[in-house]
Amino acid sequence: MNNKSPANSIFDGFKNNAMSKLGVTKLLSQSFSPNFGGGSSSKPGHAASADDVSAAASSHHHHGGSSSATSATEHLLHKDIAAVAQGGWNVTKSLMNVKAEEDNHDRCQSLNELNKEPPAVPSEKVGQINFGLEYDYQQNTLILRIIAAKDLPAMDLSGTSDPYVRVTLLPDKKHRLDTKVKRRTLNPRWNETLYFQGFTMQKLHNRTLHLHVFDYDRFSRDDSIGETYIELNNVDFTAKPVFWKDLTAPLKDKCGHLLTSLSYNPMTNNLTLGIIEARNLKAMDINGKSDPYVKVWLHVGDKKVEKRKSMVFKCNLNPIFDEKFEYTLPVEQLREAALEVMVMDFDNIGRNELIGKITISSNKNATGQLEAQHWKDMLSKPKQSVEYWHRLKPE
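Residues numbered from 1 in each chain as written. Predicted model: local features only at pLDDT ≥ 70, side-chain atom pairs only at ≥ 80, totals over all residues. Heavy atoms only, no water.

Draft legend 1. Just the sheet that holds strand β16 (residues 386-391), in detail. Across the sheet, four strands lie side by side as β13-β10-β9-β16; this open sheet has antiparallel pairing. Pairing within the sheet leaves two strands with one partner each, and these edge strands are β13 (320-328) and β16. Pairwise comparison of adjacent strand axes, ignoring direction, gives a mean angle of 20° for this sheet. In this structure, strand β9 (residues 257-265) lies alongside strand β10 (residues 270-279), joined through nine bridges in antiparallel fashion. When the bridges of β10 are listed, S263 appears paired with T272. With respect to the sheet, helix α6 (residues 369-380) is in contact with β9, β10 and β16, its orientation differing from that of β16 by roughly 175°. (Pairing = 2+ DSSP bridges. Helix = DSSP H or I, 4+ residues; strand = E, 2+ residues; numbered from the N terminus. Axes fitted to C-alpha atoms, helices over the stretch in contact; angles between N-to-C directions. Contact = heavy atoms within 4.5 Å.)

Draft legend 2. Spatial organisation of the sheet that holds strand β12 (residues 303-309). If you walk across this open sheet you meet the four strands as β12-β11-β14-β15, and the pairing is antiparallel. Where the open sheet ends on each side, the last strands, each with one partner, are β12 and β15 (353-361). Put simply, the sheet's adjacent strands are angled 20° from each other on average, direction ignored. Bridge analysis of strand β11 (residues 292-300) against strand β14 (residues 337-345) gives nine bridges, and the strand direction is antiparallel. Along β14, the bridge assignment pairs P292 with D345.

Draft legend 3. Up close: the side chain of S224. Counting through the fold element by element, S224 comes out in strand β7 (residues 223-231). Among the polar contacts made by the side chain of S224, one reaches the side chain of H212 at a distance of 2.8 Å. Filtering out sequence-adjacent residues up to four positions away, S224 remains in contact with M155, H212, V213, F214, P250 and D253. (Polar contact = N/O pair within 3.5 Å; in protein donor to acceptor, adjacent residues only side chain to side chain.)

Draft legend 4. Main features of the pairing of β15. A large share of β15 lies buried, amounting to seven of its nine residues. Bridging between β14 and β15 involves eight bridges; their strand directions are antiparallel. Note on β15: the bridge partner recorded for A338 is S361. (Buried < 20%, exposed > 50% of the residue type's maximum accessible area, 1.4 Å probe, protein only.)

Draft legend 5. Structural view of the layout of surface pockets. Counted as a void, the largest pocket has a volume near 1,300 Å³. Forming the walls of the largest pocket are 40 residues, and the residues nearest its centre are M155, D223, S224, T367 and K393. Elements with a contribution of two residues or more to the lining of the largest pocket: β1 (125-136), β6 (208-215), β7, β14, β15, α6 and β16. Classifying every residue of the lining of the largest pocket gives 15 nonpolar, 11 polar and 14 charged. (1 Å grid on protein atoms, 1.4 Å probe; cavity = no way out; pocket = protein on both sides within 12 Å on 5 of 7 lines; lining within 4 Å. Points joined across faces, edges and corners; volume = space filled by probe spheres on them. Nonpolar A, V, L, I, M, F, W, Y, C, P; charged D, E, K, R; others polar.)

Draft legend 6. The pattern of salt bridges, seen in detail. Summed over the entire model, instances satisfying the criterion amount to seven salt bridges. Salt-bridge contacts for R166 lead to D178; the nearest nitrogen and oxygen are separated by 3.0 Å. One end of the pair, R166, is in strand β3 (residues 163-170); the other, D178, is in strand β4 (residues 172-178), with 12 residues separating them in the sequence. (Salt bridge = Lys/Arg side-chain N within 4 Å of Asp/Glu carboxyl O.)

Draft legend 7. Examining the packing of aromatic side chains more closely. Per the stated rule, a full pass over the model turns up five aromatic pairs. Geometrically, the ring pair formed by F313 and F321 is edge-to-face, given 5.2 Å between the ring centres and 85° between the ring planes. Overall, F321 belongs to the buried group, its relative accessible area being 5%. Three or more aromatic residues joined by ring pairs make a cluster, and in this case those are Y135, Y137 and F237. The ring of W244 has K150 sitting right over it, with the charged end atom 4.8 Å from the ring centre. (Phe/Tyr/Trp six-rings, centres within 6.5 Å; stacked < 30°, edge-to-face > 60°. Lys NZ or Arg CZ within 6 Å of the ring centre and 35° of its normal.)

Draft legend 8. Molecular detail of the confidence of the model for the chain. Summary statistics for the chain give a mean pLDDT of 79 and a share of 69% for residues scoring 70 or more. A low-confidence stretch, residues 108-115 (pLDDT under 50), is modelled with zero contacts involving residues beyond four sequence positions or located in other chains. (pLDDT = per-residue confidence, 0-100.)

Draft legend 9. Quick peek at unusual backbone geometry. Here the residue pair L170 and P171 is connected by a cis peptide bond, since its omega of 10° sits within 30 degrees of zero. Among the structural elements, P171 can be located in the loop between β3 and β4. Even without a glycine there, the phi angle at R184 is positive, about 50°. Among the structural elements, R184 can be located in the loop between β4 and β5 (189-197). Exposure remark for R184: the relative accessible area of 69% places this residue in the exposed category.

Draft legend 10. Geometry of α6. Taking 1.5 Å per residue as the helical rise, α6 with its 12 residues ought to reach 16 Å, and the 16 Å between its terminal C-alpha atoms agrees with that figure. Restricting attention to buried positions, one finds in α6 the residues E371, A372, H374, W375, D377 and M378. Each element contacted by the buried residues of α6 is listed here: β9, β10, β14, β15 and β16. (Expected span 1.5 Å × (residues − 1).)

Quick look at the structure:
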């Protein structure tokens, strides 16, 4: 069994080397810092020098020792190498401590990620609207005063909306009036009065007032923001009531919500999309359920680059997908890239139907301000996973 210390092993190697031991001692004295020293130097903490070796040899000869200067050199060299070996062990221990601290930090970070509260599902409320009602009994006219709205969602990439109100007396859709458009605001004030003439009180008792807030778009179809209904047979017109009513997304636009995560690593050009879960998906089948899966297209400019699909979840309106799709995307393509995320209903017989979709991007292709903000947050937090709930939109 070999019980030699690391210093002995190194020393044996040097003894068998063609290099002179005095030369090796000089090399050691020049190469290692004082912290590694330990021999018989006159200055504590320094490696033995050639002068130290000569002095030790003279002393040894003076005391009648039989060894030569070379033996003294070997003695000092052995002590220097032992000090180097000890220093190396101290460095190793330090590195082990650093590694242990890093592992502990990673474990703490992982635990923090696990304990992190998931983002809340967005409320179905999309703001409130303020309006008042009166009735002119002499003119048989319903008088509606559209006052204001607040806390509307941003529908444009600028972080604002261009809202207006469309008012209809249901079920007669032909009786419809619109307010003016208020530009770039989420808290518009209209203070407009609309008149529905020729309606007796008896007729009004069979009508439902429908207030629908839209976001005006000059170049495409106006986006629905939210709506509210009020049964006119329940209104006391003599009191000239004023209301604040919650706006909710129209039923036909209620496709559900999707929780996604985004991360981008600029060092590896790796874009990762996480499809985590969906809530309250629209029922597409006659059994009141859907068979959802997610289809994702990566767009760069006007080109569809890569398609991915998740697993299908049978008869489930609240599926937990927990899947990740990775794409290689150079930094210079981020500005023109977009992720089109479609939740589909699988059908064994007919064509698969779209439940709802979003497009996450920093450019004009984003389907809303929230989708654009998600992309921007990803870019501002490289290598971090950023989670957002998104309201799915119809075709």
